[in-house]
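Spelled out from the first residue to the last, the chains are:
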Amino acid sequence: MQADMADIVGIQGLLGSGSIWYNILGIIVYAVIVMVLLSVFGYTFGWIERKIIARAQYRHGPTYVGKYGFLQNMADLIKLLSKREIRLAQGDNFMVRISVPLMLSLSVFILLLLPFSQSLQATNLGLGLLLVFVTIAFFPMFVFLTGFSTGNKFGDISAQRSVLMLLSYELPMIIVIVTIALATGSYNIQGIVAAQANRWFALVMPLGFIVMFVAMLAEFERPPFDLREADSELIAGWLTDISAPYYALVLFLDYTRMFLGSMIISLLFLGGWLGPSFLPGIAWMLIKATLVALFVIVIRATMFRMRIDRVLHLGWLVLIPLSLINLLITYIVLLWIL
Amino acid sequence: MAITRINIGPVHPSTHGVLRLVVDLDGDMIERVETHIGFLHRGVEKLVETRMYMQSPAYMEKLDYVAPLSYDEAYVAVVEKALGIEVKERAQYARVILLELQRIASHLLWLGTMCNDLGQMFTVFMWSFKDRDMVLKLLEEASGNRMFYVNVRLGGLQRELPPDFEAQTLEVMDYMEKRTAEYERYIERNPVFMERMKGVGVLSSKDAKDLGVTGPVLRASGVEYDVRKNNPYYVYENLHFSMKSQEKGDNFSRYRVRIMEIKESIRLIREAFGRMPASGDMAGMPIRLRSPEPVNKVSKLSRELPRGECLMYMVADPQKPYRLSIRSPSFINLAALSHIAKGQRLADLFAILGSLDLVMGCVDR
């Protein structure tokens, strides 16, 4: 019981079991480190995405601000943050104001639960993976709340789509997680990575990998599932009436979420920090996450947007059966072969 | 379920200009689409009445800013008919070449915007813009301007085509042929594209005839009608022009028709260069304030623009038109939108709107 409490409150791995104040201080220090890391990666991914998409389109992308336009996003951020906030005449201003910062803090919270390497983790919870996915399920809910509280019909439609997608993509993700837990015997992320020492889960359960990847794209609004802010249909969906400073946060949030998604995919399926020993674990971790993110960016540059009914079709009639087949195969292999 | 009424436009990313739609939605299905136009109305038809004959081509070009030369040529042709001026043979070939180049440019722009409407991140848009720019460069070589050419003169063109124009054009056409195949490969192998284009926005051939749509939209519905074939002008008779049509009448058919028309235009341009008489000139009458007296009081003619059939009807007065009436293809094709979109999904409304290839300048005039 004592150990469990320490797990939940504290950061045994980082500071050892000292007094509670040390633990709290440790969490704050680690959270700041994580936020810096998240910012750096979110920012860099934003720049990489602009550059890669520009290349796919015979463009150069940003070139003027900073070396190779690296500071362009910073300039955009400053511009957006310096703009005035629009108060909605018919809408819940309070909800709009809190939901975007809350989403950002949720992504920091998820990153606190994810290990960067064997020793670099805020808290190693026994049910860490479950908590991560419970937190992820909050994102569409906040999208829904924001879209609904802007009092805009485009926001309404976007909010409805958000809920539909939450319903159809949460299930296959949970089934895949259960499969992973079944294979490793725990929801502990450290344990899951350790179980991939011999071979990655992407090779063991390719079906699960595909299902998880597609569901993650849908969950984090990446194309071809960016129906919630479909610019050619809904102008910007739930972001139509949002003011510039919050929009800047949302843009930043997009990249942090991409980073999170890539982290989760590489932890669960690509062996996390495991790799040849000439590089430290955290380097492998970040390399894998970056590669996954690059793939996501290339998808954005090339894919067309799906229609909501086809998205639901894909979720219910393709991904859920696939994830169940994956579960079945894993169970059979575990039960009779191993 | 309650009906949601949403207002789309006149300022919206994918209404291609200033079109306003009021859409009644039942869930995600469209119950009714109401189109509101007139945001770009400039009264060009009236304006033309106050100008001398050859002062107006520049206005005509602004009607359809995606294919300006086509309107320019249609207007000058109707003036030629009214004034009884014959077009020199070499100029006829040159006009056909320029018109087909304009058609390629217009269809390429359509391809890009269509992919944008389907939620593509501007990738195909940028590709087709780059290719379109090569065509625009050719037109610039020929006319001196990149976008608004105003180089059609009574009886011919403003000036002779540049000496190396043929070689340049044929080179670009070879490239364009390769690129068209590339577009087809890339786009038609994309499952999401096929899913959103095939069987969506079906316009039956009967409805197409009843609604009076023309151009690629009509031919996609299986009706074989192309002014270049049914009522040929200039040298289209001499060239082996083959009409392109499809059966199904859905978005994908409209896409196919346009892609095939690009290929056909490439072929036409090559053939026209081959048959163009080497001697003779193509210079038209220079623009003077006084033009010859009209011989026909009422003259009308139709032209196949990239967007469909354009009918020019002119009642001539000395020096000025008494009345000019334009049947613009975009306007009639837009009327089909509410018919096609009924019962479709909201996302498909924009795919259908894109597939009709509207230019609001052409709708509002």
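Rules used in this analysis
Residues numbered from 1 in each chain as written. Chains lettered and ligands numbered in written order. Predicted model: local features only at pLDDT ≥ 70, side-chain atom pairs only at ≥ 80, totals over all residues. Heavy atoms only, no water. Helix = DSSP H or I, 4+ residues; strand = E, 2+ residues; numbered from the N terminus. Rg over C-alpha atoms; globule rule 2.2 N^0.38 Å. Buried < 20%, exposed > 50% of the residue type's maximum accessible area, 1.4 Å probe, protein only. Contact = heavy atoms within 4.5 Å. Areas by Shrake-Rupley, 256 points an atom, 1.4 Å probe, with all protein chains shown as cover. Lys, Arg positive; Asp, Glu negative; His and termini not counted. Charge placed at Lys NZ, Arg CZ, Asp CG, Glu CD. Expected span 1.5 Å × (residues − 1).

Draft legend 1. Quick look at the overall build of chain A. From N to C terminus, chain A includes 15 helices and 0 strands. Rg of the C-alpha trace for chain A: 20 Å, near the compact-globule value of 20 Å for 338 residues, within the 12% margin. Overall, the C-alpha framework of chain A stretches about 60 × 50 × 40 Å when taken along its three principal axes. The proportion of buried residues among the 338 residues of chain A is 51%. A separation threshold of at least 6 residues defines the contact pool for chain A, and within that pool the share at least 24 residues apart is 75%. With the model as given, the accessible surface of chain A reaches about 15,000 Å², and the carbon-plus-sulfur share is 72%. In chain A, which carries 21 positive and 17 negative side-chain charges, the distance between the mean positions of the two groups comes to 9 Å.

Draft legend 2. A look at the environment of Met285(A). Residue and element names in this part refer to chain A. With respect to the helices and strands, the residue Met285 is situated in helix 14 (residues 281-302). Placed 10 residues apart in sequence, Met285 and Phe295 show a C-alpha to C-alpha distance of 16 Å. Look past the residues within four positions of Met285 in its chain and what remains in contact with it is Pro115, Phe116, Met263, Ser266, Leu267, Gly272 and Trp273.

Draft legend 3. Region of interest: helix 7 (residues 138-149) of chain A. All names here are of chain A. For helix 7, spanning 12 residues, the distance from its first C-alpha to its last is 16 Å, which sits close to the expected 16 Å at 1.5 Å a residue. Within helix 7 the residues assigned to the buried category are Phe139, Pro140, Phe142, Val143, Thr146, Gly147 and Ser149. For helix 7, the secondary structure elements touched by its buried residues are helix 5 (93-113), helix 6 (128-136), helix 8 (153-184), helix 11 (206-219) and helix 13 (244-268). Just beyond helix 7, the residue with positive phi is Gly151, at close to 65 degrees.

Draft legend 4. Quick peek at unusual backbone geometry. Residue and element names in this part refer to chain A. Look at the link from Pro223 to Pro224: it is a cis peptide, with omega at 5 degrees. Checked against the element boundaries, Pro224 lands in the loop between helix 11 and helix 12 (231-234). Even without being a glycine, Tyr58 presents a positive backbone phi close to 60 degrees. The residue Tyr58 is located in the loop between helix 3 (20-56) and helix 4 (72-81) in this model.

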